[in-house]
Amino acid sequence: MAEFALSRLSPYNACRVIRIESEALRGRLEDMGVTGGTVLTWLFDAPCGDPAAYSVRGAVIAIRAKDAEKIIVRGLD
């Protein structure tokens, strides 16, 4: 399956994190449990469309669209 940016994930689908292409963002996301191999599930967008909410390891986190562009994922089979 092809790799793509998290921002391109279809609503209500899940994916697996492959890599994070920003050092600063990587540190913040790792603190929240988002590491390589972590499964993220798209839950919903904020009323204004940004950020989007994702389920990760039993928690809900918000990720801005500009940050989601730097998170490379692969869809689940």
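Preceding block: the structure.
Keep in mind the model is a prediction, meaning the values are calculated, not measured.

1. What about the pairing of strand β4 (residues 52–56)?
Counting buried positions over the five residues of β4 gives four, a clear majority of the element. For strand β3 (residues 39–45) and β4, the ladder comprises five bridges, and the chain directions are antiparallel. Residue pairing in the sheet places Trp42 in a bridge with Tyr54 of β4. Linking β3 back to β4 in an antiparallel pair, the connection comprises six residues, with Gly49 at a positive phi of about 100°. For β4 and strand β5 (residues 59–63), the ladder comprises five bridges, and the chain directions are antiparallel.

2. Considering the sheet that holds strand β2 (residues 14–20)
Across the sheet, which stays open at both edges, the six strands sit in the order β1-β6-β2-β3-β4-β5 with antiparallel pairing between neighbours. The sheet is open, and its two edges are formed by β1 (3–5) and β5, each paired on a single side. The average angle at which neighbouring strand axes cross in this sheet is 45°, direction not considered. Bridging between β2 and β3 involves three bridges; their strand directions are antiparallel. What sits directly across from Arg16, in β3, is Val39.

3. A word on the packing of aromatic side chains
When we look at a pair of aromatic rings, we describe it by the centre distance and by the angle of the planes. Under the counting rule described, the total for this entry stands at one aromatic pair. Judged by centre distance (5.0 Å) and plane angle (90°), the rings of Tyr12 and Trp42 are edge-to-face. Of this pair, Tyr12 sits in the loop between β1 and β2 while Trp42 sits in strand β3; the two residues are 30 residues apart in sequence, bridging distant segments of the chain. Classification of Tyr12 by relative accessible area gives exposed; the value is 62%. With relative accessibility at 9%, the residue Trp42 sits in the buried group.

The rules behind each value
- Residues numbered from 1 in each chain as written.
- Predicted model: local features only at pLDDT ≥ 70, side-chain atom pairs only at ≥ 80, totals over all residues.
- Heavy atoms only, no water.
- Buried < 20%, exposed > 50% of the residue type's maximum accessible area, 1.4 Å probe, protein only.
- Helix = DSSP H or I, 4+ residues; strand = E, 2+ residues; numbered from the N terminus.
- Pairing = 2+ DSSP bridges.
- Axes fitted to C-alpha atoms, helices over the stretch in contact; angles between N-to-C directions.
- Phe/Tyr/Trp six-rings, centres within 6.5 Å; stacked < 30°, edge-to-face > 60°.

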